[in-house]
Amino acid sequence: MRTFPPTAKAHCSAGFTLVEVMTTLAVLGLVAGAVMLAAPGADTRMHGGVERLAARLKLASDQSVLLNRDIALVATPEGYHFEKLEEDGWRRIENAGSLGFQAWPGGEAPRVVEPAAPDGGVEAARLAEFDPLGGASEMQLVFGERGVGWRLAIDGEGAIRVERTQ
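Since this is a predicted model, take the numbers as computed values, not measurements. (Residues numbered from 1 in each chain as written. Predicted model: local features only at pLDDT ≥ 70, side-chain atom pairs only at ≥ 80, totals over all residues. Heavy atoms only, no water.)

A.B. asks: Give me the lowdown on the packing of aromatic side chains, citing residues and values where you can.
C.D. replies: Tallied over the full model, the rule gives three aromatic pairs. Pairing Tyr 80 with Phe 82 gives two aromatic rings, centres 6.2 Å apart and planes at 90°, and the pair type is edge-to-face. A residue is classified by how much of its surface remains accessible, and Tyr 80, at 1% relative accessible area, is buried. Looking at Phe 82, the relative accessible area reads 0%, which means it is buried. The lysine or arginine in question, Arg 164, covers the ring of Trp 150, its NZ or CZ lying 5.1 Å from the ring centre. (Phe/Tyr/Trp six-rings, centres within 6.5 Å; stacked < 30°, edge-to-face > 60°. Buried < 20%, exposed > 50% of the residue type's maximum accessible area, 1.4 Å probe, protein only. Lys NZ or Arg CZ within 6 Å of the ring centre and 35° of its normal.)

A.B. asks: Go over the pairing of strand β2 (residues 79–86), please, and point to the residues and values.
C.D. replies: With five bridges joining them, strand β1 (residues 71–75) and β2 adopt antiparallel strand pairing. Within β2, the residue paired with Ala 72 across the bridge is Glu 83. Linkage of β1 to β2, two consecutive antiparallel strands, is achieved through a turn of three residues. Bridging between β2 and strand β4 (residues 102–103) involves two bridges; their strand directions are antiparallel. (Pairing = 2+ DSSP bridges. Helix = DSSP H or I, 4+ residues; strand = E, 2+ residues; numbered from the N terminus.)

A.B. asks: Could you give an account of unusual backbone geometry, with specific residues and numbers?
C.D. replies: We note that Asn 68 has phi near 60°; this positive angle belongs to a residue other than glycine. Asn 68 gets classed as exposed once you look at its relative accessible area, which sits at 55%.

A.B. asks: Outline the pairing of β1, listing residues and values.
C.D. replies: Taking burial as the measure, the five residues of β1 include five buried ones, the bulk of the element. With burial as the criterion, each face of β1 is covered, one bearing Ile 71, Leu 73 and Ala 75 and the other bearing Ala 72 and Val 74. Sheet analysis places β1 next to strand β6 (residues 125–130), joined by five bridges and oriented antiparallel. Its bridge partner being in β6, Ile 71 is matched across the sheet by Phe 130.

Printed below as a string of C-alpha cells:
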C-alpha cells in the first residue's frame, strides 16, 4: 500500500479540461451544420417536384414522336395527367405510370401564365400539346407563392426549361 507524506496530496482528475470541452463542442457544431445542410427544405422539395414534371413532359414529347400522335398535358385542381389524340378524340393515358395522374408539386395547382388561365367553370384544361414532329404549344407555369418559386416553360420548338423566379 502506497502512502503519501502528510504534506503531499494525491493528484486526481475531477472533470474535463477546457481543451476537451471545446473539442467536443466543435465536433457537435460540425455535425449539426452537416445535418442542417443535408436536410431538404421546402424549396428543395418543390424544385425536385417541378424537375420531375419537366421530365414527364419530355417523356410525353418523346412519346408523341414515337407514336405519331399528339399528346397533351391536362391540368386539374388536384394534379395533372396526359391525354393522347386518337382518331375518335382525346383519350386519357391510363396504363403508363409516368404519364398517369400525378399530384402537383408542393400540393397546390400552379399559376398558369401561358396560355391564358382557363375559366373557373372548366374542370380540366389542356395546357400544352406535343405534336409528332417534336413541336409543342407554348406554356408557362409558376410554382410557389408571391413570385418566389419555380417557373416551368415550354417553347414552340418543344424545349422545356425550369427556372428560379424571384
